[in-house]
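Single-letter residue listing:
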Amino acid sequence: VSIMIKKCIGCGALFQTADENKPGFVEKENFEKSIICKRCFRIKNYGDYKIVEKDINEYEKIFNNISSKNDLILFLCDIFTLDESINYINKLSGNVILVITKKDLLPKSVKEYKLINYIKKNYSLNVKEIIFVSSNKNYNIDLLYNKIIKYKTSKRVYLAGNTNAGKSTLINALMKLYGHADGFITTSSLPATTMDLIEVKLNDDIILIDTPGLVSHNNYLTNLNAKEVKKVFPKVEIKPRTYQMKPNQSLLIEDYARIDYLSENQNSFTVYLSNSISINRINLNTNDKLRNLKLTSFDLKCNKDVVINGLCFCKITKPAKVNIYTKDNVNVFERNNLI
């Protein structure tokens, strides 16, 4: 009996009817007529999504394979998961443009050249260029296209990055501006992997190849359901919130996190967070809310950010002792002030 082999044109996964939690699932009765898997259908029609588990070794194989080809790689990194994503770049050899997405979410007052200088100063990266884009606002898409033409070594241009970095949105923006009317999606497999790539023929000069997104397990978004993800992930320009913190005060970020301020002097905390999440300033000693969560303590020097990965970052100007309470597997760390 011959079994029909089909692939999802949305994510490139091979169709299967056995396991809803694995890539490419479709219901048996829809197998023949489906062109996209159930997960892609739900993303497309309901804005819903399901994290599909992939083995980190498979990502490594894909990256090694891409690097060995010396084709141009666009490494996408959204501005809110900068530190985490950037660590992967140096695993890719040589021909890489770092594309920082969702620039429109930062306040307009934040100067791009300062962010680029910050990245160059704080991270040791082997990249050709650093470009900020907003696919939704078509910001710098022309500049990026010109750089692709400049640095590409063949027609094939790979896109890599975290699951929520905006690869599909960027492909759609490029298709709209530079794609042929007959642009189409095909799938191809890299050798020695069980995950497929999606090839998008942009025009006669460029084929964009979308790689599976890296799933980060220590990111807040990975631990939330679809409704909460929509609330936590900013959709519009963030309005920073500044608090003059006195000793024995805390900031409560709804049910997501708590920041206790333990120093003796007044200090300024500016929180960069989705506008739809509320923050309450509370008394450190009389309110124990969220103290049952995982504790991370910092003794910060001046001009540091505390980052709660995937949720927010808090800019602190003077030296500060702080306790941060978050969910167990969420990464919390300090860095130099980004802004």
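Everything discussed here concerns the structure shown above.
Conventions used here
- Residues numbered from 1 in each chain as written.
- Predicted model: local features only at pLDDT ≥ 70, side-chain atom pairs only at ≥ 80, totals over all residues.
- Heavy atoms only, no water.
- Buried < 20%, exposed > 50% of the residue type's maximum accessible area, 1.4 Å probe, protein only.
- Helix = DSSP H or I, 4+ residues; strand = E, 2+ residues; numbered from the N terminus.
- Pairing = 2+ DSSP bridges.
- Arc of directions from axis to C-beta.
- Contact = heavy atoms within 4.5 Å.
- Phe/Tyr/Trp six-rings, centres within 6.5 Å; stacked < 30°, edge-to-face > 60°.
- Lys NZ or Arg CZ within 6 Å of the ring centre and 35° of its normal.

Enquirer: For this particular structure, what's the right way to read the pairing of strand β11 (residues 267–273)?
Expert: With 7 of 7 residues buried, β11 is to be regarded as a mostly interior element. Burial of the side chains of β11 extends over both faces: N267, F269, V271 and L273 are buried on one face and S268, T270 and Y272 on the other. Inspection of the sheet shows strand β8 (residues 241–245) paired to β11 by 5 bridges, in the antiparallel sense. Counterpart to Q244 in the pairing with β11 is S268. Here 5 bridges tie β11 to strand β15 (residues 312–316), and the two strands are oriented antiparallel to one another. The residue bridging V271 from the neighbouring strand is C314, located in β15.

Enquirer: Is there a simple way to think about helix α4 (residues 112–122) in this case?
Expert: Since there are 3.6 residues in each turn of an α-helix, residues three or four apart along the chain are aligned in direction. Taken as a whole, α4 has its buried residues at E112, L115, I116, Y118 and I119. Seen end-on, α4 carries its buried residues on one side only, within an arc spanning 155 degrees. Exposed side of α4, more than 90 degrees from the buried face: Y113, K114, K120 and K121 are the residues found there. In the core, the buried residues of α4 are packed alongside α3 (82–86), β2 (96–101), β3 (129–132) and β17 (332–336).

Enquirer: Explain the packing of aromatic side chains to me, please; I cannot follow it from the model alone.
Expert: Taken as a whole, this structure holds 7 aromatic pairs when the rule is applied. Measuring from centroid to centroid gives 5.9 Å for Y220 and Y256, while their planes differ by 85 degrees, and the two rings are edge-to-face. Taken together, the residues Y220 in the loop between β7 (207–210) and α7 (226–232) and Y256 in the loop between β9 (249–253) and β10 (257–261) connect sequence positions 36 residues apart. Judged on exposure class, the residue Y220 and its partner Y256 are both buried. Look at Y261 and F269: their rings are 5.3 Å apart centre to centre, the planes differ by 75 degrees, and that puts the pair in the edge-to-face class. According to the relative accessible area criterion, F269 is buried, its value standing at 0%. Taken together, F80, Y272 and F313 form an aromatic cluster joined through their ring pairs. Above the plane of the ring of F31 lies K6, whose end atom (NZ or CZ) is 5.9 Å from the centre. Seen from the ring of F313, R335 lies directly overhead, with NZ or CZ sitting 4.7 Å from the centre.

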